[in-house]
Amino acid sequence: MANPAQGAKYRGSIHDFPDFDPSQDAEALYTAMKGFGSDKEAILELITSRSNKQRQEICLSYKSLYGKDLIADLKYELTGKFERLIVGLMRPLAYSDAKEIKDAISGIGTDEKCLIEILASRTNEQIHQLVAAYKDAYERDLESDIIGDTSGHFQKMLVVLLQGTREEDNVVSEDLVQQDVQDLFEAGELKWGTDEAQFIYILGNRSKQHLRLVFDEYLKTTGKPIEASIRAELSGDFEKLMLAVVKCVRSTPEYFAERLFKAMKGLGTRDNTLIRIMVTRSELDMLDIREIFRTKYEKSLYSMIKNDTSGEYKKALLKLCGGDDDAAGQFFPEAAQVAYQMWELSAVSRVELKGTVRPAGDFNPDADAKALRKAMKGLGTDEDTIIDIITHRSNAQRQQIRQTFKSHFGRDLMADLKSEISGDLARLILGLMMPPAHYDAKQLKKAMEGAGTDEKALIEILATRNNDEIRAINEAYKEDYHKSLEDALSSDTSGHFKRILISLATGNREEGGEDRDQAREDAQESIVSHILVISDVLRIQSVKNKPLFFADKLYKSMKGAGTDEKTLTRVMVSRSEIDLFNIRQEFIEKYDKSLHQAIEGDTSGDFLKALLALCGGED
């Protein structure tokens, strides 16, 4: 395994064991496997407490002392997933990768996901070591074996990655960035069919620093993230490989955090993936993976492993994990720095926010008012017309329709809608008809009404609105309920939670030229003081990725048994003209399904039709 760059901070969870004695360790392992049965606890404790380099020394000492192969003895004594994990730890990283790839292409069928994960994520040096290890272990040429087991553009990209020739110079030419953006655009979006060779050449050879700038410029130029174009233009395993390359270019630890989450979510565990990642990343970037995992999935990697595995296998995995980020003193002291780094890495500040609902062209409020009146007149109600008009007009246009409706018919459009439609559809349509500030004021009022307080709704609104929006909400709240928002919050909340909500409700947050040191210090102080109830607020403010936050809210509103229609409605109404398009992109990126698909699978009837109209398309 390559040493970390000089001066770089070590980010692995496994370290060299102090006062290391390979002969003593070899003797301890021999004793643990001697006689009837084996002391699995002693084996896992020792092996997971040594670095890979030290494990190789133990193997040599074991053979010198006992004339036996340690890995062979471990295979004989252990079984199942625990054996795979321990034996994987005993191999040098390059040989571990070589074994995984050999298994992936042996027998009937190919494990394309394994090939993608390894070849998309390794550095040039790691690729060269892998090729050499494969040749040494199997006396075969890795490239020839890959070519013999794969085909098409997928095969071509794998072969490119196998060369280990990605540029490593971080000096970036702006002209070349622009040229690559244009070449990718012309190879995909502007071309009938797709020129896959351009995607392969650029994504397979350019430096990571260069490609990050290409991705940023691609978004500015086309209005779409590169991932969306890859999904639209490529397909199958080739598409999955190129998306993995993009993810690793953006952040290799985040790619592995996502792979680990998917390996354990839902029914069943993908143990091969879990073992492979925990073994190969434990001495490289496990701390980064852990921190991103905690920030992105709101639970620690440690707790997810603990709940998803068992026995010695679990104990060994938890040792490799190296700590529980949900425990006091583990996650919180570093959380501010991690969140801040994600803020700095995030392209959101450079992304053009786009809604899915835009002002209708050739807008005619008179015609719309008459069509709505006709849809509600007489027996029955024409819900399709109501949905079609209201979901395809901007909020400003809806206010004009309200005024025109009153002028023409002497009736209040909102009152008529209330009497004609009901349930979830009514809440959605009436929400769309309200000016945004008045809608937010109403949602805050509802969150504080009755027994109990909906803290999550208060946090969602007050922590995500900008100063102008907050001030407008204050005015709307005063106008609609004859009481200041601050007074309402004071009477319904308490302690640290009350103080931060009132602070947010003043609308005096600094919105430009952030003092980075102060931001880190403030977040650190807040988290270390363990004000857990406001962790959502801190996450939204520090990560600064509102579309991702709202993608999470939408996903959680629809996952599992039952649907949280209130949250689903609130987010779809309030973000439809601001950043719902961006939310859609974050949703499919994180959950591997489109927002359109999630809504379609979780709602029904006219409510479904209206939500899909607001969603604005299938990704």
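Scroll up to find the structure this text is about.
Residues numbered from 1 in each chain as written. Predicted model: local features only at pLDDT ≥ 70, side-chain atom pairs only at ≥ 80, totals over all residues. Heavy atoms only, no water.

**Examining the overall build of the protein chain**
Broken down by element type, the protein chain carries 37 helices and 0 strands. The buried share among the 619 residues of the protein chain stands at 51%. Across the protein chain, contacts joining residues at least 24 apart in sequence account for 73% of those joining residues at least 6 apart. Summed over its atoms, the accessible surface of the protein chain is roughly 28,500 Å², and 47% of this surface lies on carbon and sulfur atoms. (Helix = DSSP H or I, 4+ residues; strand = E, 2+ residues; numbered from the N terminus. Buried < 20%, exposed > 50% of the residue type's maximum accessible area, 1.4 Å probe, protein only. Contact = heavy atoms within 4.5 Å. Areas by Shrake-Rupley, 256 points an atom, 1.4 Å probe, with all protein chains shown as cover.)

**Some points on the packing of aromatic side chains**
In total, this model carries 15 aromatic pairs according to the counting rule given. Among the aromatic residues, those joined into a ring-pair cluster are Y30, Y62 and Y66. The ring of F17 carries R50 above its face, with NZ or CZ at 3.7 Å from the centroid. Stacked on the ring of F581, the Lys or Arg K354 has its end atom at 4.4 Å from the ring centre. (Phe/Tyr/Trp six-rings, centres within 6.5 Å; stacked < 30°, edge-to-face > 60°. Lys NZ or Arg CZ within 6 Å of the ring centre and 35° of its normal.)

**Remarks on the side chain of R290**
Counting through the fold element by element, R290 comes out in helix 17 (residues 286-297). At 2.8 Å, the side chain of R290 forms a polar contact with the side chain of D325. (Polar contact = N/O pair within 3.5 Å; in protein donor to acceptor, adjacent residues only side chain to side chain.)

**Concerning the side chain of R166**
Here R166 shows up in the loop between helix 10 (152-162) and helix 11 (174-187). E167 provides the closest opposite charge to the buried, salt-bridge-free R166, at an N-O distance of 7.7 Å. From its side chain, R166 meets the backbone oxygen of R206 in a polar contact 2.7 Å long. (Lys, Arg positive; Asp, Glu negative; His and termini not counted. Salt bridge = Lys/Arg side-chain N within 4 Å of Asp/Glu carboxyl O.)

**What to know about the nonpolar core**
Counting residues in hydrophobic clusters, the biggest one holds 94 residues, and the most contacted among them are L74, I101, L203 and M278. The element best represented in this core is helix 15 (residues 236-264), accounting for 15 residues. Looking at which domains feed residues into this core, each of domain 1 (22-90) and domain 2 (94-323) supplies at least three. Residues within four places of I101 in sequence aside, it is in contact with L115, I118, L119, L130, Y134, L142 and I146. (Core = buried A, V, L, I, M, F, W, Y, C linked by side-chain atoms within 4.5 Å. Domains from an automatic or database assignment.)

**Describing the pattern of salt bridges**
Under the definition given, this model contains 42 salt bridges. Its salt-bridge partner being D73, residue K68 comes within 3.5 Å of it at the nearest N-O pair. The exposure class of K68 is partly exposed, given its relative accessible area of 36%. Taking the shortest distance from any N to any O, the salt bridge between E258 and K262 comes out at 2.9 Å. Here E258 and its partner K262 are both found in helix 15, 4 residues apart, which amounts to about one turn of the helix. The exposure classification of E258 matches that of K262, with both residues buried. Each of the salt bridges in this network shares a partner with another, and the network as a whole consists of R231, K247, E254, E258, K262, K296, E589 and D592.

**Quick word on the environment of D103**
Structurally, D103 is set in helix 6 (residues 93-105). The sequence separation of D103 and C114 amounts to 11 residues, and the corresponding C-alpha distance is 9.3 Å.

**Description of helix 19 (residues 311-321)**
Listed as buried for helix 19 are Y313, A316, L317, L318, L320 and C321. On its buried face, helix 19 sits against helix 2 (40-47), helix 5 (80-90), helix 16 (271-281), helix 17 and helix 18 (301-308). Downstream of helix 19 by one or two residues, G322 has phi in the positive range, about 90°.

**So, the packing of helix 26 (residues 436-448) against helix 27 (residues 455-464)**
In contact at an axis separation of 9 Å, helix 26 and helix 27 are set at 155° when each is read in the N-to-C sense. When the axis of helix 26 is compared with that of helix 27, the two are roughly antiparallel. Seen from above, helix 26 lies across helix 27 with left-handed handedness. Together, D440, Q443, L444, A447 and M448 of helix 26 and A457, L458, I461 and L462 of helix 27 make up the contact between the two elements. Of the residues that constitute the contact of helix 26 with helix 27, the class distribution is 7 nonpolar, 1 polar and 1 charged. (Axes fitted to C-alpha atoms, helices over the stretch in contact; angles between N-to-C directions. Parallel < 35°, antiparallel > 145°, perpendicular 65-115°, else oblique. Left-handed = near helix turned anticlockwise from the far one by under 90°. Nonpolar A, V, L, I, M, F, W, Y, C, P; charged D, E, K, R; others polar.)

**Considerations on helix 5**
With respect to burial, helix 5 is a largely interior element, 8 of its 11 residues being buried. For helix 5, the elements touching its buried residues are helix 2, helix 3 (52-66), helix 4 (70-77), helix 6, helix 16 and helix 19.

**Re unusual backbone geometry**
Positive phi is not limited to glycine here, since D19 has a value of about 55°. Following the sequence through the fold, D19 ends up in the segment before helix 1 (22-33). Judged by relative accessible area, D19 falls into the exposed class, the value being 77%. Positive phi outside glycine occurs at E139, with the angle close to 55°.

**Considering the packing of helix 23 (residues 395-409) against helix 24 (residues 413-420)**
Where helix 23 contacts helix 24, the axes come no closer than 9 Å and their chain directions differ by 95°. Considered as vectors, helix 23 and helix 24 are oriented roughly perpendicular to each other. Touching I401, R402 and F405 of helix 23 are L413, M414 and D416, all from helix 24. Split by residue class, the contact of helix 23 with helix 24 holds 4 nonpolar, no polar and 2 charged.

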